[in-house]
Amino acid sequence: MLFRSRQAPFVPTTTTHLTLFAGGNDANVIGRAVQAGRGGGDPNGYVDAQVRQWGTDLEGMIDRIRSRAPNARIVALNLPNLAGAPYFAARSTAEKSIMQRIAVGLSDRVNALASKNVLVVDLMCDTRLYQPQNFASDGFHPGDAGYQIVADLTYPALLNGTASTPNVSCAQRRLFP
């Protein structure tokens, strides 16, 4: 995870606003590692360990950003449940369950940044971000309509420094068993 130490030095000390939308590619890397047999007989344990480390790295990056730009308003976006994205539609239920565990786990780590005075935008629970027409042709990245939704959700936090608490019990967290 490259944001461990490589990103913060590029944040100007005069930064006033910073957005962070990370984890999608990391989720795919962790998912591929599980498919390749990493974690042996305990894929959930492997996923949980990877998510913990990712979250620790993310918190460290936030701390480094805060030390460089202490007055910056930081807005972080959690992830949608990637198991419900079009690029994952043809996967088995078992694969979808693993991806769901990864995406929900990474989102929970983003949500925890609220305790570090980071405004969190809840993408996980916005049903519009699960509609195929809001994705690019790769079925993974947002398309124009998807990015508009993300911008509409993020703008209030950037504008006035307020964000709703992410919903930790929405149905999108449990799309698959």
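Everything that follows concerns the structure shown earlier in this document.
**Some points on the layout of surface pockets**
Part 1: As a volume, the largest pocket reaches approximately 400 Å³.
Part 2: Those elements that place two or more of their residues in the lining of the largest pocket are helix 1 (24-35) and helix 4 (144-160).
Part 3: Here the lining of the largest pocket is composed, by residue class, of 14 nonpolar, seven polar and two charged.

**Describing the state of the cysteines**
Part 1: Under the criterion given, the structure shown has one disulfide.
Part 2: What pairs with Cys 125 in a disulfide is Cys 170, and their sulfur atoms sit 2.0 Å apart. A torsion of -75 degrees about the S-S bond marks the disulfide between Cys 125 and Cys 170 as left-handed. Placement of the pair is Cys 125 in the loop between strand 3 (119-121) and helix 4 and Cys 170 in the segment after helix 4, with a sequence separation of 45 residues.

**Regarding the pattern of salt bridges**
Part 1: Using the criterion set out here, one finds five salt bridges in the structure.
Part 2: Two residues, Asp 63 and Lys 116, come together in a salt bridge whose shortest N-O distance is 2.9 Å. Of this pair, Asp 63 sits in helix 2 (residues 43-68) while Lys 116 sits in the loop between helix 3 (93-111) and strand 3, placing them 53 residues apart in sequence.
Part 3: A relative accessible area of 39% places Asp 63 in the partly exposed class.
Part 4: Overall, Lys 116 belongs to the partly exposed group, its relative accessible area being 27%.
Part 5: Arg 128 is the salt-bridge partner of Asp 126, the closest N and O atoms lying 2.8 Å from each other.

Parameters and conventions
- Residues numbered from 1 in each chain as written.
- Predicted model: local features only at pLDDT ≥ 70, side-chain atom pairs only at ≥ 80, totals over all residues.
- Heavy atoms only, no water.
- 1 Å grid on protein atoms, 1.4 Å probe; cavity = no way out; pocket = protein on both sides within 12 Å on 5 of 7 lines; lining within 4 Å.
- Points joined across faces, edges and corners; volume = space filled by probe spheres on them.
- Helix = DSSP H or I, 4+ residues; strand = E, 2+ residues; numbered from the N terminus.
- Nonpolar A, V, L, I, M, F, W, Y, C, P; charged D, E, K, R; others polar.
- Disulfide = S-S within 2.5 Å.
- Salt bridge = Lys/Arg side-chain N within 4 Å of Asp/Glu carboxyl O.
- Buried < 20%, exposed > 50% of the residue type's maximum accessible area, 1.4 Å probe, protein only.

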